[in-house]
Amino acid sequence: MDMLGYFIVKKPDVVHETIDGETVIVNLENGVYYSLRNSGVDMWNLLEAGANLDELSEAMVGRFDGSPDVIRRAITELLVALQQEGLVKVSSTKLDDDQTDLIQPQSEKAKFEAPVLEKYSDMQELLLLDPIHEVDEEGWPHKAEDNGTGNAGEG
């Protein structure tokens, strides 16, 4: 797996929401959804900002109490899983947004627990039937225009 470059969420095919300390991620291409909790939520937020492996490691070591080597290994394992599931991709360029506030250490560190990507396919068929797939490049809720062929977005 590619670990060089900046990790970014594969939008518009991947959507997510964080609610009550859990990030739910949906891959709209295959209808599978995922869950991240605890340190995984922090990591996902950093990925959303387009962080690289060094920035992820620095930020997580600054936020959690644990061995830097153990934290970096856990980050690497999660990145591999996220790439294998098609949720993130590697870019050679950094996002334009200044996300330095996400990398700042926190004064009170929580004990580090390795993030676990939980995978669910029980709603796969329903998610694939949903009209959310008929969107333009901006993603949901921007519906693709029908180009006269009867198939929205196809040319």
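Residues numbered from 1 in each chain as written. Predicted model: local features only at pLDDT ≥ 70, side-chain atom pairs only at ≥ 80, totals over all residues. Heavy atoms only, no water.

## Observations regarding helix H3 (residues 68-84)
For H3, which comprises 17 residues, the first-to-last C-alpha distance of 24 Å matches the rise-based estimate of 24 Å (1.5 Å per residue) to within 8%. Listed in full, the buried residues belonging to H3 are Ile-71, Ala-74, Ile-75, Leu-78, Leu-79, Leu-82 and Gln-83. Downstream of H3 by one or two residues, Gly-86 has phi in the positive range, about 75 degrees. (Helix = DSSP H or I, 4+ residues; strand = E, 2+ residues; numbered from the N terminus. Expected span 1.5 Å × (residues − 1). Buried < 20%, exposed > 50% of the residue type's maximum accessible area, 1.4 Å probe, protein only.)

## Quick notes on the pattern of salt bridges
Across all of its chains, the model carries 6 salt bridges by this definition. Salt-bridge contacts for Arg-37 lead to Glu-22; the nearest nitrogen and oxygen are separated by 3.4 Å. Of the two residues, Arg-37 sits in strand S4 (residues 32-37) while Glu-22 sits in strand S3 (residues 22-27), which places them 15 residues apart along the sequence. What you see here is one network of salt bridges that share partners, running through Glu-22, Arg-37 and Glu-118. (Salt bridge = Lys/Arg side-chain N within 4 Å of Asp/Glu carboxyl O.)

## Quick look at the environment of Val-32
When you line up the elements, Val-32 lands in strand S4. It is 9.0 Å that separates the C-alpha atoms of Val-32 and Glu-125, two residues lying 93 residues apart in sequence.

## Looking at the sheet that holds strand S8 (residues 118-120)
Pairing is antiparallel in the open sheet, where 4 strands are placed in the order S2-S3-S4-S8. The open sheet has two edge strands, strand S2 (14-19) and S8, and neither has a second partner. For this sheet the average axis-to-axis angle between neighbouring strands, irrespective of direction, equals 20 degrees. With respect to the sheet, helix H1 (residues 39-48) is in contact with S2, S3 and S4, its orientation differing from that of S4 by roughly 115 degrees. (Pairing = 2+ DSSP bridges. Axes fitted to C-alpha atoms, helices over the stretch in contact; angles between N-to-C directions. Contact = heavy atoms within 4.5 Å.)

## Section: the packing of aromatic side chains
The tally for this structure, following the rule as stated, stands at 2 aromatic pairs. Geometrically, the ring pair formed by Tyr-33 and Tyr-120 is stacked, given 5.1 Å between the ring centres and 20 degrees between the ring planes. Note that Tyr-33 is positioned in strand S4 and Tyr-120 in strand S8, a separation of 87 residues in sequence. What makes Tyr-33 buried here is its relative accessible area of 17%. Ring plane angle 75 degrees and centroid distance 5.8 Å describe the contact between Phe-64 and Phe-112, whose orientation is recorded as edge-to-face. Remark: Phe-112 occurs in the loop between strand S7 (110-111) and S8 and Phe-64 occurs in strand S5 (residues 64-65); sequence separation between them is 48 residues. The two residues Phe-64 and Phe-112 agree in class, both being buried. (Phe/Tyr/Trp six-rings, centres within 6.5 Å; stacked < 30°, edge-to-face > 60°.)

## A few points about the confidence of the model for the chain
Looking at the chain, pLDDT values average 82 and 72% of them are 70 or higher. Across residues 149-155, where pLDDT falls below 50, the model places 9 contacts with residues more than four positions away in sequence or in other chains. (pLDDT = per-residue confidence, 0-100.)

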